[in-house]
Amino acid sequence: MAVRPFIVGNWKMNGTRAMLSEVRAIDRASQRLMKVEVALAPPFTLIHAAHKEVEQIGVGAQDCHSGDGGASTGDVSAAMVLDAGAKFVILGHSERRQGHDETNAVVRTKAASALAAGLRIILCCGESEAVRDAGKAEAFVLSQLSESLPDGLQNASEMLTIAYEPIWAIGTGRTPTVEEIGAMHRAIRALIVDSYGEEQAQGVRILYGGSVKPDNALELLSDDEVGGALVGGASLSAESFLGIVLAAAEIPD
Ligand code: 13P
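Visitor: Just checking my understanding: could you explain the site of the ligand for this structure?
Guide: The immediate surroundings of the ligand are formed by 13 residues, with Lys12, His93, Gly171, Ser211 and Gly233 found nearest. With respect to the ligand, the backbone of Gly232 contributes an N or O atom lying 2.9 Å from an oxygen atom. Take Gly233: an N or O atom from its main chain is 2.8 Å from an oxygen atom of the ligand. Calculation on the ligand without its partners gives an accessible area of 310 Å², and the protein chains cover 96% of this total. For the shell around the ligand, the per-class residue count stands at 4 nonpolar, 7 polar and 2 charged.

Visitor: Any chance you could explain the sheet that holds strand β3 (residues 58–61) here in plain terms?
Guide: Remark on secondary structure: sheet strands pair via backbone hydrogen bonds, oriented parallel or antiparallel. The strand order around the closed barrel built from 8 strands is β1-β2-β3-β4-β5-β6-β7-β8, with neighbouring strands paired in parallel fashion. Recorded for the sheet is a direction-independent mean angle of 25° between the axes of neighbouring strands. Relative to strand β7 (residues 205–209), strand β6 (residues 160–164) runs parallel, the two being bridged by 4 bridges. Across the sheet, residue Thr161 finds its bridge partner in β7, namely Arg205. With respect to the sheet, helix α7 (residues 137–148) is in contact with β5 (120–125) and β6, its orientation differing from that of β5 by roughly 150°.

Visitor: Would you explain the side chain of Glu102 in this entry?
Guide: The residue Glu102 is located in the loop between α4 (94–99) and α5 (104–117) in this model. With relative accessibility at 7%, the residue Glu102 sits in the buried group.

Visitor: What am I meant to see in the environment of Ser222 here?
Guide: Looking at where Ser222 falls in the secondary structure, it is placed in the loop between α11 (214–220) and β8 (228–231). Since its relative accessible area comes to 40%, Ser222 is described here as partly exposed. For Ser222, the side chain forms a polar contact with the main-chain oxygen of Glu219, separated by 2.6 Å.

Visitor: Would you mind going over the pairing of strand β1 (residues 6–10) with me for this structure?
Guide: Along any regular strand, the residues point their side chains to alternate faces of the sheet. Across the 5 residues that make up β1, a large majority, 5, are buried. Along β1, one buried face is formed by Phe6, Val8 and Asn10 and the opposite face, lined by Ile7 and Gly9, is buried too. Relative to strand β2 (residues 37–41), β1 is paired through 5 bridges, and the arrangement is parallel. In the strand pairing of β2, Asn10 is matched with Ala41.

Visitor: I would appreciate a short explanation of the side chain of Arg205 in the present structure.
Guide: One can find Arg205 in strand β7. By relative accessible area, which is 10% here, Arg205 ends up buried. Beyond its immediate chain neighbours, meaning those up to four positions away, Arg205 contacts Val3, Arg4, Pro5, Phe6, Glu37, Arg120, Leu160, Thr161, Ile162 and Gly227.

Visitor: What am I meant to see in the nonpolar core here?
Guide: Within soluble globular proteins, side chains that are nonpolar tend to cluster in buried spots. Among the nonpolar cores identified, the biggest contains 71 residues, and Ile7, Leu91, Leu149, Leu160, Ile162, Ile188 and Ile192 are the most heavily contacted of them. Per element, the largest residue contribution to this core is 8 residues, and it comes from helix α12 (residues 238–250). Not counting chain neighbours up to four residues away, the residues in contact with Ile162 comprise Leu123, Cys125, Leu145, Leu149, Ile188, Ile192, Val204, Arg205, Ile206 and Leu207.

What counts and what doesn't
Residues numbered from 1 in each chain as written. Predicted model: local features only at pLDDT ≥ 70, side-chain atom pairs only at ≥ 80, totals over all residues. Heavy atoms only, no water. Near = heavy atom within 4 Å. Polar contact = N/O pair within 3.5 Å; in protein donor to acceptor, adjacent residues only side chain to side chain. Areas by Shrake-Rupley, 256 points an atom, 1.4 Å probe, with all protein chains shown as cover. Nonpolar A, V, L, I, M, F, W, Y, C, P; charged D, E, K, R; others polar. Pairing = 2+ DSSP bridges. Helix = DSSP H or I, 4+ residues; strand = E, 2+ residues; numbered from the N terminus. Axes fitted to C-alpha atoms, helices over the stretch in contact; angles between N-to-C directions. Contact = heavy atoms within 4.5 Å. Buried < 20%, exposed > 50% of the residue type's maximum accessible area, 1.4 Å probe, protein only. Core = buried A, V, L, I, M, F, W, Y, C linked by side-chain atoms within 4.5 Å.

Fair warning: the whole summary comes from geometry, so function is off the table for now.
Right under this line is the structure:
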């Protein structure tokens, strides 16, 4: 792994204040594992409380609206999550693309708003099983990403992270091979170089997500192009999430 590994927990629609003890445990242990950058994206309702608990790890949001504010019942703007303590936002997760009809154009607008508010973004992409079986995974992911990436981003290396999450690997216990992940990440890297130039692209981490667990993390993170992991189910307990962080710490520079 050429860059500082980034391990991010996506709590999805899980977590009440009772789970702040997990946040604390993850934060305290991460203070001894500085080689790894660790972050958690709890639901909106816990962002502020989680932010108050942590000293070391980053806290972020799982989504934000593209607008600045106004008559949009139930939505939360980028400025609001920033105000609550979020440093980054996950955008374009497949569960939002599928469950909330988020198109690439919507994701791109959200990305622009988040960046304008000062949030770092983790932009998700990934193909369905049918697309992979048809041999079109790379073409699909590259077109999804190129249509979702914000224009004119000057400091991509600092502000942008990509998460490659094949839909068929999310919550299923199935994963691509290390070779398949490496090949996809290299294709994504080439697109980032084209979009933002070689120098900025070097610092952009490309995370893998989909059934990452403590016992497969070392292997899944072993390709040089894998800059870390976006973790769902296994991020809900400090014990399993820290197992993944420990695996990331073991990978030679
Ligand atoms: P799982 O780790 O539960 O497969 O979820 C992955 C994911 O969707 C993270 O965003």
